[in-house]
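Each chain, letter by letter, is given below.
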Amino acid sequence: MFAVAFALVTGLSLVSASPSFSVHEQRANIAHGWARVHRPATPSAILPLKIGLKQSNIDKLHDHLLDVSHPDSENYGKHWTPEEVKAYFRPSDESVDVVREWLVEAGVDRGRIELSKGEHWVQVKDFTVAEAERILNTEYHVYQHAHGDTRLGCSSYSVPPHVQPHIELITPTLHFNGRPPRLTSDSNLISLNPTPMIYPTATYESLRPATVRFTTSPRSQLIRAASQNSFAIVEYTPQAYIGSDLDLFFANFSPSLVGIRPELISIDGGVVQTEEMDFGVNIESNFDIGYAMTLVGPGQPLRLYQVEDIPEGSAQLLSPFNDLLDALDGSYCTEDGGDDPSVDGTYPDPAPGGYTGLKDCGNKQRSNVISVSYASNEADLTPFYEIRQCNEYGKLGLMGTTFIFASGDSGVSGNDELCVFPNGTQSVGAPLFNPLFPANCPYVTGVGATQVNPGSTVFDPESAASLTGGGFSNIFALPDYQKKVVEEFYKFHAPPYGSDRYNNSQRARGIPDFSVNGVNCTVVAEGRAIAVAGTSAAPPVIGAMITLINDARLAAGKSPVGFINPAIYSDAFKGAFRDIVSGNNPGCGTDGFESVEGWDPVSGLGTPNFEKLLELWTALP
Ligand SMILES: *[C@@H]1O[C@H](CO)[C@@H](O)[C@H](O)[C@H]1NC(C)=O
Ligand SMILES: *[C@@H]1O[C@H](CO)[C@@H](O)[C@H](O)[C@H]1NC(C)=O
Ligand SMILES: *[C@@H]1O[C@H](CO)[C@@H](O)[C@H](O)[C@H]1NC(C)=O
């Protein structure tokens, strides 16, 4: 139903040397908010062409990841070094040669073709629209966003059939949609920026304890290996925490943290800016950092990956996840930054006030646990774009990093209540469910929200929160570790919807993996305590739990847990979650899915029992 890759067409070529083309990527729809202007691109305009080479052995990533993360594997916890990962997945010399020779035969001077430092991309200097149209058998047009921003793009592109097996994707082509226009005023920012997936639900007279079932953790005894351990929260500029808000929160819940701040790791000029301060800009960071630090306590420093400079950060509605990946893995990023300059940040940034330094490329420290409370709609980006990034999360998992992403706050619909038409266009009121990226990626842990029912306490059974994002991916296949629970879900609780609503093939990745309380959580913003709700609450809380578990393992001379999904779905971990059996996640004009016995696409496996998880993971090798 989405952009179909690999639809083979044969056509007459304009280049005699390449008589046939295979369509590599195409989109029938135009990305949300964008329209094609009735104006072709100027033939002499320069396109920063980049060809992403096929990574060697990428089809074996799934098995290798399971090999180091499944509790039954004899290689459990034996993570790979970055050098091993780089060497194993490095594109082959053959792929580099095939792509180079194709370009040369098509008339590109050899001296203009270069391989990126990470050896994953072939770049062509001074590539023009005219060359791109001829060599990729396409037409470039001017596209314009509803808010004015314009860029060059196409709706499909092709390569010769013998080249296709050697490439993953080519940019800039159809992926221009990820970057919305620069916002012009603060009032726009508030109404347009959907990235903080937390919204206020009520205001309280005074602070009351957060209802996170974690308050009794013996964490002060747990922190033994802080110097070897690391836990990071990701925030995207201009989102920023306010120190005085953190201190008010700490004063109430963890007095020993008053005055303590996370360690800032600035990526691509990321700053904790204080020029723009309001609820929408501060709430996410205040929440994530307050909870993460309180739950791990003062013994374990928290890192803050603050991503993007102010001009780039203010420009987008979607988060530039690639910029973080570029900073952590030098083999993934391209030298001059951004896997796709029309989607991802480009540095040095020529905009006024922009970051003048070089793009961060593999020079920032990885962390054992990385918590991200931001998400895009799956339908916002093309399958190849998401697959490439998902594989990168898998490669970092192979190195021992745990990635935790929120599953979204609009039930079965996407951000802004957008659902999808069969032609791929997103609209409020469209029929198809719209899961979120990157929680849809089978190599990350996607987490949702539950709630304590009115009149109940934290010790009573919870329900799934109606806002919680969940469902099945239209892009990613069902991973092995999830097969059993998804099979049982369909056997006993098949949803009352057909393929006109969601991918009901029973072969699609299910979301989320598990959940924690995310409704009426206390946070301080603008000097006041308020209650907020959202799946944004889940990554920092779960990240803190995994960090404490890593602490115990590191203290015992073991490795961090790394990619956790194969473990949490295994038989050994059956008793480690409290099943959630009530609630549903409405959206797209439906009641969504039902939370039922066993795993379900609303609450996942349920809520974690920290003590049990700690015991199980410390017992593993
Ligand atoms: C996609 O389908 C919807 C609903 O039928 C229609 O309104 C819209 O114009 C279509 N968009 C494109 C680009 O074909
Ligand atoms: C959240 O708090 C509000 C205000 O006190 C209350 O009306 C609502 O029932 C609470 N929701 C849950 C799920 O506890
Ligand atoms: C559903 O998911 C499967 C597995 O990823 C995929 O092969 C299939 O194309 C998807 N179907 C649709 C309609 O997206």
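Placed above this text is the structure.
Everything quoted here is computed from the prediction, not taken from an experiment.

Caption draft 1: A look at the overall build of the protein chain. A tally of helices and strands in the protein chain yields 15 helices and 30 strands. Burial analysis of the protein chain (621 residues in total) assigns 62% to the buried set. A separation threshold of at least 6 residues defines the contact pool for the protein chain, and within that pool the share at least 24 residues apart is 79%. Working note: accessible area of the protein chain is about 22200 Å², and carbon and sulfur atoms make up 53% of it.

Caption draft 2: View of the pattern of salt bridges. Under the definition given, this model contains 19 salt bridges. Here Glu131 makes a salt bridge to Arg112, at a shortest N to O gap of 2.8 Å. Here Glu131, found in helix α4 (residues 129–135), pairs with Arg112, found in the loop between α3 (93–105) and β5 (113–115); they are 19 residues apart in sequence, far enough to count as distant. With relative accessibility at 19%, the residue Arg112 sits in the buried group. Close ionic contact of Lys483 with Asp480 constitutes a salt bridge, the shortest N to O distance being 2.8 Å. Classification of Lys483 by relative accessible area gives partly exposed; the value is 40%. On the accessibility criterion, Asp480 (38% relative accessible area) is partly exposed.

Caption draft 3: Layout of the site of ligand 1. Taken together, Phe421, Asn423 and Thr425 form the complete shell of residues around ligand 1. Interatomic distance of 2.4 Å between a side-chain N/O atom of Asn423 and an oxygen atom of ligand 1. Note that a nitrogen atom of ligand 1 is positioned 3.4 Å from one of the side-chain N or O atoms of Thr425. Contact with the protein chains hides 39% of the accessible area of ligand 1, taken as 360 Å² for the molecule alone.

Caption draft 4: Spatial organisation of the sheet that holds strand β8 (residues 141–145). Spatially, the three strands line up as an open sheet ordered β2-β8-β9, and their pairing is antiparallel. For this open sheet the edge positions go to β2 (34–40) and β9 (150–153), each flanked by a neighbour on one side alone. With strand direction ignored, the average angle separating the axes of adjacent strands in the sheet is 35°.

Caption draft 5: Main features of the pairing of strand β24 (residues 471–477). Most of β24 sits inside the fold, with six of its seven residues counted as buried. One ladder, built from three bridges, connects β24 with strand β25 (residues 508–511); its direction is antiparallel. What sits directly across from Ala477, in β25, is Ala508.

Caption draft 6: Highlighting the side chain of Thr138. In this structure, Thr138 sits in the loop between α4 and β8. The class of Thr138 is buried, set by a relative accessible area of 11%. Among the polar contacts made by the side chain of Thr138, one reaches the main-chain carbonyl oxygen of Ser156 at a distance of 2.7 Å. Among residues more than four places away in sequence, those in contact with Thr138 are Ala132, Glu133, Cys154, Ser156 and Tyr157.

Caption draft 7: Structural context of the packing of helix α8 (residues 279–296) against helix α13 (residues 538–555). At a minimum axis separation of 8 Å, α8 and α13 run at an interaxial angle of 25°. On the basis of their axis angle, the class for α8 and α13 is roughly parallel. Crossing angle aside, the handedness with which α8 passes α13 is right-handed. Within the contact between the two elements, α8 uses Phe287, Asp288, Tyr291, Ala292, Leu295 and Val296 and α13 uses Pro540, Val541, Ala544, Thr547 and Leu548.

Caption draft 8: Local environment of the pairing of strand β15 (residues 303–307). For β15, a buried count of five out of five residues is recorded, marking the element as mostly surrounded by other parts of the structure. The side-chain alternation of β15 yields two buried faces, one formed by Arg303, Tyr305 and Val307 and the other by Leu304 and Gln306. Here strand β13 (residues 231–236) runs beside β15; their pairing, made up of five bridges, is parallel. Within the sheet, the bridge partner assigned to Ile233 lies in β15 and is Leu304. With five bridges connecting them, strand β14 (residues 263–267) and β15 associate as parallel partners. Residue pairing in the sheet places Ile265 in a bridge with Tyr305 of β15. Note that the unit made of β14, α8 and β15 has a crossover that is left-handed.

Caption draft 9: Geometry of the environment of Ala240. Turning to its location among the elements, Ala240 is positioned in the loop between β13 and α7 (243–253). Considering only alpha carbons, one finds Ala240 and Met277, 37 residues apart in sequence, at a separation of 8.3 Å. With sequence-adjacent residues up to four places away left out, Ala240 is seen in contact with Val272, Gln273, Val281, Asn282, Ser285 and Asn286.

Caption draft 10: Structural detail: the packing of aromatic side chains. Here the structure, examined in full by the defined rule, presents 30 aromatic pairs. Both rings, one in Tyr236 and one in Tyr374, keep their centres 5.0 Å apart while their planes meet at 85°; by these two values the pair is edge-to-face. Of this pair, Tyr236 sits in strand β13 while Tyr374 sits in the loop between β16 (369–372) and β17 (376–377), and the two are 138 residues apart along the sequence. Taking the relative accessible area as the measure of exposure, Tyr236 reaches 4% and is therefore buried. Relative to Phe489, the ring of Phe472 has its centre 6.3 Å away and its plane inclined at 35°; by these criteria the two rings are tilted. Taken together, the residues span a long stretch of sequence, with Phe472 in strand β24 and Phe489 in helix α12 (residues 483–493) at a distance of 17 residues. Across the pair, Phe489 and Phe472 agree in class, each one buried. By way of ring pairs, the aromatic residues Phe433, Phe472, Phe489, Tyr490, Tyr497, Tyr502, Phe593 and Trp599 are connected into one cluster.

Criteria and thresholds
Residues numbered from 1 in each chain as written. Chains lettered and ligands numbered in written order. Predicted model: local features only at pLDDT ≥ 70, side-chain atom pairs only at ≥ 80, totals over all residues. Heavy atoms only, no water. Helix = DSSP H or I, 4+ residues; strand = E, 2+ residues; numbered from the N terminus. Buried < 20%, exposed > 50% of the residue type's maximum accessible area, 1.4 Å probe, protein only. Contact = heavy atoms within 4.5 Å. Areas by Shrake-Rupley, 256 points an atom, 1.4 Å probe, with all protein chains shown as cover. Salt bridge = Lys/Arg side-chain N within 4 Å of Asp/Glu carboxyl O. Near = heavy atom within 4 Å. Polar contact = N/O pair within 3.5 Å; in protein donor to acceptor, adjacent residues only side chain to side chain. Pairing = 2+ DSSP bridges. Axes fitted to C-alpha atoms, helices over the stretch in contact; angles between N-to-C directions. Parallel < 35°, antiparallel > 145°, perpendicular 65-115°, else oblique. Left-handed = near helix turned anticlockwise from the far one by under 90°. Right-handed = clockwise from strand over helix to strand, strands pointing away. Phe/Tyr/Trp six-rings, centres within 6.5 Å; stacked < 30°, edge-to-face > 60°.

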